[in-house]
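Structural description and commentary
The primary structure of each chain is shown beneath.
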Amino acid sequence: MIAPRALALSLSAMVAALFVASLLIGPAALPVGESLAALVAGGDGPLALIMREIRLPRAVLAVLIGAALGLSGAAMQGYLRNPLAEPGLIGVSASAALGAVIALQTGVASAHVLALPVAALLGAVVAVGLILGLAGPRGSSLTLILAGVAISALAGAFTSLVLNLSPNPFAASEIVFWMMGSLADRSVLHVAIAAPFILGGGAVLLALGRGLDALTLGEDAAAAMGVSLSQLRLMLVLGVAAVVGASTAVAGAVGFVGLVVPHLLRRAVGARPSRLLWASALGGAAMVLAADIAVRLVLPERDLKLGVVMAIVGAPLFLHLIYRTRGEFP
Amino acid sequence: MQGSVRASSVIALLAALWVGAAAADTPRRVVSINLCTDQLAMLLAAPGQLVSISHLARDPRSSAMVVEAAAYPINRASAEEVFLLAPDLVLAGSFTAPATLALLDRLGVPVVQLPPAATLEDVGAHLRLIGTALGREAVAEELAAQFETELAALRVSPDHRPRAALYGANGYSSGVQSLPGQVLQAAGFDNVATELDMDGGGMIALEQLILADPDLVIGGSRYPGHSRAEDVPRHPALRELRAGGAGLSDADWVCGTPHVLQAVARLVAAREGLTP
């Protein structure tokens, strides 16, 4: 275990460094000093336009979405007491993507600015609700993962269907964006859409720390300590749906962040859910910033999807976790 | 007496054969299965000669002749339905599905394939080519000459050539070796894609486009539904560069027909509207 203050400082420093690095990487090779000056000072020139309207929203979204996914993974794992609970793996992201795609293709999203994040949130609520109903606080890993597989498959199939039926000739080729996620060419509009939901949902999830800590002692002990389990569950569903829904609505379904980050940080926080929450938020931000830098460095000409990088990192870990928890399986 | 009757009937038979051969040269049931040949055929065909056009000709986002297209039955370019129309000539594009063309070939249906127009000179050439295929050379010659005269009148060499970028879905930019690029050039613009070594066209990242600082960004129209691909040319960072855009859509220049003159005229107007 690392002292909480030292951990918070080092994670924050990492996020800050990666944030600046993210601002300095892009297809247009810009001089470092001048571009940072243009970012701060603004102005009419192309440099200020690129820094403020293209690179800044991208970096801010990477922080917000990474924090959202890391935090929601830690919160779900705390509640289900299962290290495999992750929004991407259990179908929450896929359902949010379905909600977003329906809102976009029906035109509801262009009629009202809130329609897109709200539709994604509703998709996520359905998935989280189903997962908690099926796996429950005492459900086995097997139930959790199988329920997640079914929900992901169904939501993914409907997302493909909606995009295939779209009158837009480009829509069908964007199935991969909704399944893998990308931050390419996002704008301040997307930050404005996602930020309120991520910040609001994030605050709800961070407030669950005490309840989740109590839950590690068992449900009866938690109830004896005055933790209302039904309220905890409701807050968890709404918080996860808000942050995952808003993230997916603007960047597609990015998987594995909520799996990898809490796993890496669990020992550093002494396995205390309340500390794991904020640590995973910071760690998730750093991880998505790093992944988004990687996609731009590895294949700068092509829009390599964030989910691809995350899966390369996350899937081996997922297999390792399954191997370790296989004793639970019948 | 009998001999003379026989001689006259032989002459009549020969005459009938000759007329028949001439009629065989002029197709009487023409089916077009390509958006661009649809439009050229509608411009050139004799009344009743064109029996069907592709469904794309009625789509206002891709066709410049939606009104005219309403008068013709449409097809969806499948070999089966084309064969059932019993055409004596099929007009197709050079990128029409090879399986469809192979099937029509096996069924013995004559097909004329037209390559996509890459220059404004192709417009006249394609009019004449389809005109010949339809046996309407005179009409084709007249339309081609009219097009060339009007183009020459629009084509100007301004003292100052503003720099413009054609910027479409996914950040694709048409270079000078494409019909839209040629239209842009004819309207008195320099193409930013040329500065970036993309004469044939290619993807330009948003950042690179902004760094190139063009005087004008010209984007296409949106299709219904939604796509991220079409969000790229509408990125808020481009709003000022797009402000003087001419509002052109694919229909204006996807095909090399005389309708591209309207695209040239609108771009000339857009150029004159730019403050130097």
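Residues numbered from 1 in each chain as written. Chains lettered and ligands numbered in written order. Predicted model: local features only at pLDDT ≥ 70, side-chain atom pairs only at ≥ 80, totals over all residues.

Turning our eyes to something else, we now look at the overall build of chain A. Within chain A, the secondary structure is distributed over 15 helices and zero strands. Against the globule reference of 20 Å for 330 residues, chain A gives a C-alpha radius of gyration of 19 Å, in line with a compact fold. Across its three principal directions, the C-alpha atoms of chain A cover 65 × 50 × 35 Å. Counting every position in chain A, which comprises 330 residues, the buried fraction comes to 52%. For chain A, contacts bridging at least 24 residues in sequence account for 79% of all contacts bridging at least 6. (Helix = DSSP H or I, 4+ residues; strand = E, 2+ residues; numbered from the N terminus. Rg over C-alpha atoms; globule rule 2.2 N^0.38 Å. Buried ≥ 20, exposed ≤ 12 C-beta atoms within 10 Å, placed from the backbone. Contact = placed C-beta atoms within 7 Å.)

All right, on to the pairing of strand β2 (residues 50-54) of chain B then. Residues and elements named next belong to chain B. By the criterion of burial, β2 is predominantly enclosed, with four of the five residues buried. Bridge count between strand β1 (residues 30-32) and β2: two bridges; the pairing is parallel. Bridging across to β2, V30 finds its partner in L50. Here two bridges tie β2 to strand β3 (residues 74-75), and the two strands are oriented parallel to one another. Residue pairing across strands places S54 opposite N75, the latter belonging to β3. (Pairing = 2+ DSSP bridges.)

Glancing now at the sheet that holds β3(B). Strand pairing in a sheet is mediated by backbone hydrogen bonds. Such pairs are either parallel or antiparallel. All names here are of chain B. Spatially, five strands are ordered β3-β2-β1-β4-β5 in an open sheet, and the strand pairing comes out parallel. Two strands in the sheet have a free side with no partner beyond their single neighbour: β3 and β5 (111-114). Pairing between β1 and strand β4 (residues 89-93): three bridges, direction parallel. Across the sheet, the residue bridging to V31 is V90, located in β4.

Quick look at the nonpolar core now. Counting residues in hydrophobic clusters, the biggest one holds 108 residues, and the most contacted among them are A75(A), A100(A), A124(A), V128(A), V240(A) and V243(A). No other element matches helix α3 (residues 46-80) of chain A, which puts 16 residues into this core. What A75(A) contacts, discounting residues up to four positions off in sequence, is L205(A), L208(A), L236(A), G239(A), V240(A) and L277(A). Counting 81 residues, the second largest nonpolar core, distinct from the first, contains I50(A), L91(B), I130(B) and V183(B). (Core = buried A, V, L, I, M, F, W, Y, C linked by C-beta atoms within 7 Å.)

Let us now look at the interface of chain A and chain B. On the chain B side, the residues contacting the 23 residues of chain A number 21 residues. Among the secondary structure elements, those contributing two or more residues to the side of chain A that touches chain B are α3, α4 (92-106) and α9 (188-206) of chain A. Across the side of chain A that touches chain B, the residue classes tally to 15 nonpolar, five polar and three charged. (Nonpolar A, V, L, I, M, F, W, Y, C, P; charged D, E, K, R; others polar.)

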